[in-house]
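Residues per chain are reported as follows:
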Amino acid sequence: MKTSDNTISRKDFIRHSALAVAGLTLIPNIMTASPFLNENNNSAKGKMSLKNVRLETGFEYKDGEVASTKTDLFYVEVENGKITKIGPNQPNAKAADAKGLLMLPAFKDMHIHLDKTFYGDQWQAVRKRTGGIKGMIELEQKMLPEMLKNSTFKAEKLIELLQSKGTSYARSHVNIEPTSKLQSLKNLQKALDNKKKGFGAELVAFPQHGVFYTDSVPYLKEAAKMDIDFIGGVDPFNIDGNIEKVVDFTVQLALDNKKGIDIHLHETGDSGLKTVEYLIKKVNENPSLKGKTYLSHCFILAKLEAAKQEEIAEKLGEAQIGIVSTIPFGRMIMPIPTLYKHNVTVLTGNDSIVDHWNTFGTGSVLQKANLMAQLYGYSTEFLLSRSLKLATGNILPLDDKGTQQWPKSGDKADFVLMNASCSAEAVSRISEVESLVHDGNVVF
């Protein structure tokens, strides 16, 4: 309920204002559908004004250490999906009132399987596992035909969960194997098209059942010519029994179709290390793959001695191979500080959310940043603020010296509003995103 002509309660603000939260590009038909958007706040046809928007402006120091983060309130204008103006606050302006909420870059989930989930459907817990990874392949072969019947619907529901946690973009692996063939990909592409107004994604053609173990080669070749972004892989030795053969195929398919590479690597023994080293070699031989190649999980790094971790991290950094980590896995803690030290790109994601691999998952990548900060003792203001980049895909409001670098006029209107006074606080207590998902569109 409105509290006066120029102010609204937070409850009404959350329900009715159509801010660009969780990556919503300001689409005219969404904006005009909101009862809060009318001539009284100068918002129409993709244009809107926001007042009382909190932005980070710099660090405050005490005894040479970052002691706190300075913020101030601003007036922001957005038009056609772009930030067009950032200026001094205009508290009396006829504009949507952000109520002092903190604006941060929208979040990115860079490792998830949108194509196979139980989320949004009948509850199912993980079944007892037998036969290791090949036993799980056999289970999937039995389950997938039924799962595919409504996978578009479930993918949409999972996207809505991610949006409600502030995520506007994802890298999704999608099964490409003889059981699904290309159907899982087609179903997911339909879901993404249905959600394109508020959510974007890049896709990885993922041979979950092995490249050669189940002869996924013809389907991967066909998928590579479709609208996907990466060629995937999984445990070349444990599943296919031949590291070089699998990596060579993956690299060549990526080169032939101008795609990136993102390989699941769970192996923690000698084969895991050999896979990492061989991929580094192949990327160095093919420099066009630098900056476009990733290892997901890469648990072998957690098992190496400190000196070997440093050596491999340095080589990964030089080859510009990124690591997409789900942070801890059981008792394994990834050496993320070492990776950062050697300029390795580190991303994160929720991986599986309520499916036959994993019963858990919240959909929040901010929670991943919080967990990473706890694991490595990142409790200072500076380190907490730096931890935010795990959630945002390496975009931070302030650089390491405290100079404001985001947002700027011309940036995409891709942001979240947080119930926190600075990013360090948001990471520390996993502040809530002030958003609501309705019919697949993120609105206030």
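Everything here concerns the structure above.
Everything quoted here is computed from the prediction, not taken from an experiment.

Novice: Describe unusual backbone geometry, with residues and values.
Specialist: Following W406, the chain continues into P407 via a peptide bond in cis, with omega recorded as -5 degrees. Within the secondary structure, P407 is located in the loop between α15 (389-392) and β16 (415-418). The phi torsion at D235 lies on the positive side, around 35 degrees, for a residue other than glycine. By secondary structure assignment, the location of D235 is in the loop between β9 (230-234) and α7 (236-240).

Novice: Quick one: what's the story with the sheet that holds strand β6 (residues 107-112), residue by residue and with numbers?
Specialist: To summarise the sheet geometry, strands pair through backbone hydrogen bonds and adopt either a parallel or an antiparallel arrangement. In spatial order, the strands read β6-β7-β8-β9-β10-β11-β12-β15; together these 8 strands make up an open sheet with parallel pairing. Two strands close off the open sheet at either side, each with one partner strand: β6 and β15 (346-348). Recorded for the sheet is a direction-independent mean angle of 25 degrees between the axes of neighbouring strands. Both β6 and strand β7 (residues 167-175) contribute to a ladder of 4 bridges, which runs parallel. Across the sheet, the residue bridging to K108 is Y169, located in β7. Contacts between helix α13 (residues 365-375) and the sheet are confined to β6, β7 and β15, with β6 contributing the most and set at about 85 degrees to the helix.

Novice: Break down helix α9 (residues 270-285) for me, citing the residues and quoting the values.
Specialist: Relative to the 22 Å expected for 16 residues at 1.5 Å per residue, α9 spans 23 Å between its end C-alpha atoms, a close match to the ideal helical length. S271, G272, L273, T275, V276, Y278, L279, I280, K282 and V283 are the residues of α9 that are buried.

Novice: Report on the nonpolar core, specifying residues and quantitative values.
Specialist: Ranked by size, the top nonpolar core spans 95 residues in total, and within it F107, L114, V276, L295, L301, L316 and M418 carry the most contacts. Here this core gets 7 residues from one element, more than from any other, and that element is helix α8 (residues 243-257). Counting contributing residues per domain, this core is built from domain 1 (47-100 + 397-442) and domain 2 (107-363), each supplying no fewer than three. What L295 contacts, discounting residues up to four positions off in sequence, is D262, I263, L265, V276, L279, L316, I321, G322, I323 and V324. If you look at the next biggest cluster of nonpolar residues, it comprises 16 residues, including L50, A98, L101 and L417.

Novice: Help me get a handle on a nonpolar patch on the surface, residues and values and all.
Specialist: Residues I333, L371 and L375 make up a contiguous nonpolar surface patch of about 200 Å² in total accessible area. You can see I333 is positioned in strand β14 (residues 332-333).

Novice: Account for the packing of helix α4 (residues 151-164) against helix α5 (residues 183-194), naming residues and giving values.
Specialist: Axis separation between α4 and α5 bottoms out at 8 Å; the angle between their running directions is 45 degrees. Between α4 and α5, the angle is such that the two are oblique. Both α4 and α5 take part in a crossing whose hand is right-handed. Seen from α4, the contacting residues are S151, T152, A155, E156 and I159; seen from α5, they are N187, L188, K190, A191, L192 and N194. Residues that form the contact of α4 with α5 fall into these classes: 5 nonpolar, 4 polar and 2 charged.

Novice: Any chance you could break down the packing of aromatic side chains for me, citing the residues and the numbers?
Specialist: The tally for this structure, following the rule as stated, stands at 5 aromatic pairs. Aromatic pair F59 and Y61: ring centres 6.4 Å apart, planes at 90 degrees, arrangement edge-to-face. Looking at F59, the relative accessible area reads 6%, which means it is buried. Note on F59 and F382: the rings are 6.0 Å apart at their centroids and 70 degrees apart in plane angle, and the pair reads as edge-to-face. Taken together, the residues F59 in strand β1 (residues 47-62) and F382 in helix α14 (residues 381-387) connect sequence positions 323 residues apart. Here the aromatic cluster, defined as three or more aromatic residues joined through ring pairs, consists of F59, Y61 and F382. We note R171 situated over the ring of F230; from NZ or CZ to the ring centre the distance is 4.2 Å.

Thresholds applied
- Residues numbered from 1 in each chain as written.
- Predicted model: local features only at pLDDT ≥ 70, side-chain atom pairs only at ≥ 80, totals over all residues.
- Heavy atoms only, no water.
- Helix = DSSP H or I, 4+ residues; strand = E, 2+ residues; numbered from the N terminus.
- Pairing = 2+ DSSP bridges.
- Axes fitted to C-alpha atoms, helices over the stretch in contact; angles between N-to-C directions.
- Contact = heavy atoms within 4.5 Å.
- Expected span 1.5 Å × (residues − 1).
- Buried < 20%, exposed > 50% of the residue type's maximum accessible area, 1.4 Å probe, protein only.
- Core = buried A, V, L, I, M, F, W, Y, C linked by side-chain atoms within 4.5 Å.
- Domains from an automatic or database assignment.
- Patch = residues over 30% accessible without salt bridge, like charges linked within 9 Å, V, L, I, M, F, W, Y side chains within 5 Å.
- Areas by Shrake-Rupley, 256 points an atom, 1.4 Å probe, with all protein chains shown as cover.
- Salt bridge = Lys/Arg side-chain N within 4 Å of Asp/Glu carboxyl O.
- Parallel < 35°, antiparallel > 145°, perpendicular 65-115°, else oblique.
- Left-handed = near helix turned anticlockwise from the far one by under 90°.
- Nonpolar A, V, L, I, M, F, W, Y, C, P; charged D, E, K, R; others polar.
- Phe/Tyr/Trp six-rings, centres within 6.5 Å; stacked < 30°, edge-to-face > 60°.
- Lys NZ or Arg CZ within 6 Å of the ring centre and 35° of its normal.

The values are spatial; any link to function lies outside them.
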